[in-house]
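Observations on the three-dimensional arrangement
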Amino acid sequence: MNYTWNWGIFLEPSPEGTGTYADMLLSGLSWTIATALSSWVIAFCLGSLIGVLRTLPSKAARAVGTAYVELFRNVPLLVQMFLWYFVLPEVLPGSLGSWIKQLPNAPFYTAVACLGFFTASRVAEQVRAGIESLPRGQRMAGTAMGFTVAQTYRYVLLPNAYRIILPPLTSEFLNNLKNTSVALTIGLLELTGRARSMQEFSFQVFEAFTAATILYVLVNLVVIAAATLIERRVAVPGQR
Amino acid sequence: MTDSPITGSTATPAPAAAAQAAPSDSGLQPGTLIEPARQRAPGTAMIAIDAISKWYGDFRVLHECTTAVAKGEVVVVCGPSGSGKSTLIKCVNALEPFQKGQITVDGTKIADKATNLPKLRSRVGMVFQHFELFPHLSITDNLTIAQRKVLGRPKEEAHKRGLDLLARVGLSAHAKKFPGQLSGGQQQRVAIARALAMNPVVMLFDEPTSALDPEMVGEVLDVMVELAREGMTMMVVTHEMGFARKVADRVIFMDQGEIVEDAGKDDFFGKPRSERAQTFLSKILQH
């Protein structure tokens with residue numbers, strides 16, 4: 001292999017004229033984190049709602065939940081990204097479509113929406129699994145105490161279900177964080193996108209992607225540490 | 001009238017005379033399946049179960065069940081497994097829907113679309129076979145959450161009521177623990193206190209001791225006996241015939257979704273009329 005290593009490249013100014021290559025990667029990282037967190041808010045809230053719908057007695061509610069999950073988890077994320085970014089503004093009424101296209105940070109908002117709706121389908125399945133794993137008597141006990149359906153979920157089912165699904169939910173958060181890299185295809189200047197630009201400008205492909213890899217791993221380790229803390233915090237005394 | 005230690009309300013002692021329309025005085029011949037509910041004047045019953053039937057698909061779980069529980073009465077429901085006794089008791093607070101008939105609890109019709117079921121259920125205490133305490137909440141929170149969220153009681157009042165009841169069932173020391181840290185018997189006593197905290201007009205027990213280790217059955221039954229003696233209206237699905245003999249006013253025997261026998265305690269144990277009840281009793285009293 002005929003490759004000249006140059007680890008000093010990170011301190012050299014990037015051709016964009018604003019800072020070094022390291023700054024470029026770090027700005028990518030901050031977009032990655034911003035996208036991941038924002039889309040997670042949508043994924044968690046919407047996913048919980050859809051997951052709950054799939055466990056309600058009402059057939060109509062369950063059908064809506066199932067339709068959502070099957071739609072969003074059966075279309076590749078990349079295709080969804082293109083649909084949101086290229087197709088949606090065209091099929092929306094003219095003024096709305098062009099408003100979206102002219103948004104200052106259109107790739108960011110699109111990526112947040114796309115990832116949020118996609119990941120929600122996966123969160124929904126976990127929430128459903130968590131609720132269904134609880135003993136049937138828990139719902140009955142809540143109901144028998146006089147709780148409404150909403151109160152039974154709020155005070156009995158969800159607090160227990162979330163505790164059970166915390167580990168897979170952490171994985172889902174990590175997936176969502178890594179999935180932000182797909183947004184480079186619609187022009188979001190996130191970490192993978194910035195590593196690619198760095199490689200194209202400097203031809204130091206190994207350094208660029210080594211740095212990106214390390215940054216992804218570091219961020220994920222922080223997430224895992226946080227999840228472990230939360231798990232300990234919400235652990236119920238007397239339970240395994 | 002005495003101020004009762006567990007329910008905290010004044011209650012008349014079990015009106016055995018009114019409740020127990022003694023079959024021997026009713027003029028019916030032995031062997032007749034009487035329906036005591038029909039014999040009482042409507043309006044006096046705390047629970048009136050009127051000809052309810054329930055199907056799971058084609059399978060009939062309950063068939064034309066009719067009975068009633070008067071205020072202050074203790075009724076034990078027994079029968080072989082699969083006889084529909086748990087289903088019947090769950091129909092009383094509408095945990096299980098039924099397709100035909102009507103149940104009236106303290107004047108409120110369950111199979112009436114206008115009935116506010118959560119409100120009705122908050123007045124009917126229920127104790128489950130597997131306790132079903134909320135595992136993520138401390139014992140105190142288990143005792144207070146429904147008081148606060150359903151009845152809207154202020155925190156202090158709910159706490160006081162919850163802790164008073166916890167003391168009555170002898171578990172004050174465990175207020176800060178979580179359900180997983182208590183034994184089965186202790187959990188079931190907390191579950192009874194939790195139901196009582198809502199000041200129910202009637203208590204339903206669905207096999208409250210059958211998931212317990214034998215040495216813990218006694219402590220739970222003691223609480224139930226106490227409750228019965230204070231005049232609480234109770235409907236109890238159980239195989240504990242000792243309990244039935246001690247405090248029941250009536251015993252209902254079910255088989256294959258039907259109420260086969262509905263008689264005063266002494267009649268039921270003394271001379272069960274139906275062959276099925278005789279067989280059942282001979283099996284379970286042998287041991």
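Above this text is the structure in question.
Our subject in this report is the structure included herewith. Predicted, not measured: the structure shown is a model, and the values here were computed from it.

Residues and elements named next belong to chain B. In the sheet, strand β3 (residues 45–56) pairs with strand β6 (residues 100–105) via five bridges, with the strands oriented antiparallel. Across the sheet, the residue bridging to S53 is K100, located in β6. In this structure, β6 lies alongside strand β7 (residues 108–109), joined through two bridges in antiparallel fashion. The residue bridging V105 from the neighbouring strand is T108, located in β7. The loop that links β6 with its antiparallel partner β7 comprises two residues; one of these, D106, has a positive phi angle of about 50 degrees.

We now examine the interface of chain A and chain B. With 23 residues of chain A at the contact, the number on the chain B side is 24 residues. Buried area between chain A and chain B, both sides added, is near 2,000 Å², and the carbon and sulfur share of it is 68%. There are one salt bridge connecting chain A and chain B. Where chain A meets chain B, there are five residue pairs in polar contact (both at pLDDT 80 or more). Elements with a contribution of two residues or more to the side of chain A that touches chain B: α6 (136–144) and α7 (149–179) of chain A. Element by element, the count of residues in the side of chain A that touches chain B is highest for α6(A), at eight residues.

Residue and element names in this part refer to chain A. A surface patch of nonpolar side chains, amounting to about 580 Å² of accessible area, comprises L78, V79, F82, L83, F86, V87 and V91. Structurally, V91 can be placed in helix α3 (residues 77–91). For V91, a relative accessible area of 61% translates into the label exposed.

Right, let's talk about the packing of α6(A) against α7(A) for a bit. All names here are of chain A. At a minimum axis distance of 9 Å, the contact between α6 and α7 shows a crossing angle of 160 degrees. The orientation of α6 with respect to α7, classified from their angle, is roughly antiparallel. As for the relative orientation of α6 and α7, their crossing is right-handed in sense. Residues Q138, R139, G142 and T143 of α6 lie in contact with α7, whose contacting residues are T152, Y153, V156, L157 and N160. Residue classes in the contact of α6 with α7 are distributed as three nonpolar, five polar and one charged.

This part takes up the sheet that holds β6(B). Residue and element names in this part refer to chain B. The strand order across the open sheet built from four strands is β4-β3-β6-β7, with neighbouring strands paired in antiparallel fashion. One side of each edge strand has no neighbouring strand; the edge strands of this open sheet are β4 (59–70) and β7. Of the strand pairs in this sheet, β3 and β4 are connected by eight bridges, and their pairing is antiparallel. If you follow A45 over to β4, its bridge partner there is A70. Sitting on the sheet, helix α3 (residues 85–92) touches β3, β4 and β6, and the angle it makes with β3 is about 120 degrees.

Each value, and the rule that gives it
Residues numbered from 1 in each chain as written. Chains lettered and ligands numbered in written order. Predicted model: local features only at pLDDT ≥ 70, side-chain atom pairs only at ≥ 80, totals over all residues. Heavy atoms only, no water. Pairing = 2+ DSSP bridges. Helix = DSSP H or I, 4+ residues; strand = E, 2+ residues; numbered from the N terminus. Contact = heavy atoms within 4.5 Å. Buried area = accessible area lost by both parts, 1.4 Å probe. Salt bridge = Lys/Arg side-chain N within 4 Å of Asp/Glu carboxyl O. Polar contact = N/O pair within 3.5 Å; in protein donor to acceptor, adjacent residues only side chain to side chain. Patch = residues over 30% accessible without salt bridge, like charges linked within 9 Å, V, L, I, M, F, W, Y side chains within 5 Å. Areas by Shrake-Rupley, 256 points an atom, 1.4 Å probe, with all protein chains shown as cover. Buried < 20%, exposed > 50% of the residue type's maximum accessible area, 1.4 Å probe, protein only. Axes fitted to C-alpha atoms, helices over the stretch in contact; angles between N-to-C directions. Parallel < 35°, antiparallel > 145°, perpendicular 65-115°, else oblique. Left-handed = near helix turned anticlockwise from the far one by under 90°. Nonpolar A, V, L, I, M, F, W, Y, C, P; charged D, E, K, R; others polar.

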